[in-house]
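The primary structure of each chain is shown beneath.
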Amino acid sequence: MNSTNKLHYLDGLRGFASLVVYFHHFLLLVFPPFYFLDMEFLSKAPTLLQYFATTPFRLLFDGTLAVQIVFIHSGFVLCYQFFYKSKISKELRYDVVVSSAIRRYFRLTIPMAASILFAYFLIKLNLTFAKEADLLSPGNKWIGGYYNFDGSLWEVIKQGFVTTYTSFKSNRTYNPNLWTLVSELKGSFFIYAVCLLTLNTKNRWIVYILLLPFIQFHNYFISFLLGYICCDLYFYLGEKVRPSNILGFILLFLGIYLGTVYDPNLPWYRFLNISFMEKGEIVKLGKLVGALLIFISLFFLPFLQKIFGSKIGIYLGKVSFSNYLLHFPILASLGSFIYLKGNGISNGVFSVEILINFISCTIVLFLISHFYAIYIDQKSIDLGKAIFKKFFK
């Protein structure tokens, strides 16, 4: 493992995960039974779709697994520069942690607030059709449960800068995807605290072990901590760990298998049907362990590093945060509108209308995200750096 200033393939992994969340939400708009495994409706779908819905191919649209990967990724990259600069300078660079902690709020909040304002204008201009689209949706409902409130510009400001973090409510939010940013902000400061408290401690590995069962699954802190431990190991082991396709593929396939479990009673997942564990516990643990194994496998598989580290992978990473923030308002407006015009799925799961819907939403999403990443996302990073330099340096 070469400890360089930046691991570009990790950006590509984040970009892929962001796309999976988008695919996940698009499917929830056009055909919820595909994700929720509502067999009353899924049984009417083509056999190939049923196979994709009930096997590890769910990886392509398993948003829960993708979010777990992103949280582990965040735990890794949040402390990466600290480990890297400490290694280069041969002294603990606590200033890197302090700088990152001060800038973190602005890094997350400015793009978040802009996405809330974007959704607000869509609602005020009567360009959202989520509730109407939901009426045509078969099986479990999803998108129609949002935007059923009379908002105000003052509420936009409050949600954009304060209340999303302090009192997030899914039925009152302009962007349901923002629940993860609550975990991102809290998880970030949790990682910074762990970093400051343990890195000068010889027995920090004992602290990690003691923390794992204590935090359990609370607010996904465990995902951030696992990412942080991976980063510590990455620099601690260094060149001792070499690429291994055999080990990498074992970790990757096992991670995909565990991470895509939705119902342990399905034929493919009966090995995970543990009698003393509840179904929900099995799924939650499977997602966590699966995401961790997938993340670790990347360090052993050069071909995956090339894919995720390619120009396309790096670009997906660059616009990943923008894609994540913007895709729900776009699905609630353009996606729902086209879905209504196509009369739901009356023409079949593989209807031309659904294909047009997906292509249209994807093009619009990437067009807006491209400029959003340049003029909002990047500017939020620059603003955080400027504030730190002016008031804290």
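Report on the accompanying structure. (Residues numbered from 1 in each chain as written. Predicted model: local features only at pLDDT ≥ 70, side-chain atom pairs only at ≥ 80, totals over all residues. Heavy atoms only, no water.)

This brings us to the overall build of the chain. Regarding its fold elements, the chain presents 18 helices and zero strands. Relative to the 2.2 N^0.38 estimate, which gives 21 Å for 393 residues, the radius of gyration of the chain is 21 Å and therefore close to what a compact globule would have. Dimensions of the chain, computed from C-alpha atoms along their principal axes, come out at roughly 65 × 50 × 40 Å. When each of the 393 residues of the chain is scored for burial, the buried share is 53%. Looking at the chain as shown, the accessible area adds up to about 18800 Å², and 67% of this sits on carbon and sulfur atoms. Of the side-chain charges in the chain, 35 are positive and 19 negative, and the distance between the mean point of each set is 9 Å. (Helix = DSSP H or I, 4+ residues; strand = E, 2+ residues; numbered from the N terminus. Rg over C-alpha atoms; globule rule 2.2 N^0.38 Å. Buried < 20%, exposed > 50% of the residue type's maximum accessible area, 1.4 Å probe, protein only. Areas by Shrake-Rupley, 256 points an atom, 1.4 Å probe, with all protein chains shown as cover. Lys, Arg positive; Asp, Glu negative; His and termini not counted. Charge placed at Lys NZ, Arg CZ, Asp CG, Glu CD.)

The next subject is the environment of Ala53. Its location among the elements puts Ala53 in helix H4 (residues 47–54). Separated by 16 residues in sequence, Ala53 and Leu37 place their C-alpha atoms 7.0 Å apart. Not counting residues up to four positions away in its chain, the partners in contact with Ala53 are Phe34, Leu37, Leu42, Arg58 and Phe61. (Contact = heavy atoms within 4.5 Å.)

This next bit is on the environment of Gln305. Along the chain, Gln305 turns up in helix H15 (residues 302–308). Each C-alpha atom, one on Gln305 and one on His8, is 8.4 Å from the other, the two residues being 297 residues apart in sequence. If near-sequence neighbours (up to four positions away) are discounted, Gln305 is found in contact with Tyr9, Leu298, Phe299 and Phe300.

A word on the side chain of Asn357. Examined against the element boundaries, Asn357 turns out to sit in helix H18 (residues 352–391). Residue Asn357 is classed as buried on the basis of its relative accessible area of 1%.

The set of residues buried in H4 consists of Leu49, Ala53 and Thr54. Taken around the axis of H4, the buried residues stretch over an arc of 120°, which confines them to a single face. When the buried face of H4 is taken as reference, the exposed residues oriented beyond 90 degrees from it are Thr47 and Leu48. In this structure, the buried residues of H4 make contact with helix H2 (33–36) and helix H3 (39–42). (Arc of directions from axis to C-beta.)

Inspection of the entire model under this criterion finds 46 aromatic pairs. Between the aromatic rings of Phe71 and Trp179, the centroid separation amounts to 6.4 Å while the plane-to-plane angle is 90°, which identifies the pairing as edge-to-face. Within this pair, whereas Phe71 is found in helix H5 (residues 63–78), its partner Trp179 is found in helix H10 (residues 179–198), the two being separated by 108 residues in sequence. Judged by relative accessible area, which is 1%, Phe71 ranks as buried. For Trp179, a relative accessible area of 32% gives the class partly exposed. Sitting above the plane of the Tyr35 ring, Arg58 keeps its charged end 4.9 Å from the centroid. Above the face of the Phe391 ring, Lys390 is positioned so that its terminal group lies 5.9 Å from the ring centre. (Phe/Tyr/Trp six-rings, centres within 6.5 Å; stacked < 30°, edge-to-face > 60°. Lys NZ or Arg CZ within 6 Å of the ring centre and 35° of its normal.)

Geometrically, a packed helix pair is captured by the angle between its two axes and the distance between the axes. Packing of H5 against helix H12 (residues 221–237) leaves a shortest axis separation of 6 Å and a crossing angle of 45°. The angle between H5 and H12 places the two elements in the oblique class. Judged by the sense of rotation from one axis to the other, the crossing of H5 with H12 is right-handed. Here Gln68, Phe71, Ile72, Ser74, Gly75, Phe76 and Leu78 of H5 lie close against H12, whose contacting residues are Ser223, Phe224, Gly227, Tyr228, Cys230, Cys231 and Tyr234. Class assignment of the residues belonging to the contact of H5 with H12 gives a composition of nine nonpolar, five polar and no charged. (Axes fitted to C-alpha atoms, helices over the stretch in contact; angles between N-to-C directions. Parallel < 35°, antiparallel > 145°, perpendicular 65-115°, else oblique. Left-handed = near helix turned anticlockwise from the far one by under 90°. Nonpolar A, V, L, I, M, F, W, Y, C, P; charged D, E, K, R; others polar.)

What follows concerns unusual backbone geometry. A positive phi angle, close to 55°, is found at Leu37, a residue other than glycine. With respect to the helices, strands and loops of the structure, Leu37 is situated in the loop between H2 and H3. Even without glycine at this site, Tyr147 takes up a positive phi of about 65°. Within the secondary structure, Tyr147 is located in the loop between helix H8 (130–136) and helix H9 (153–166). Judged by its relative accessible area of 12%, Tyr147 is buried.

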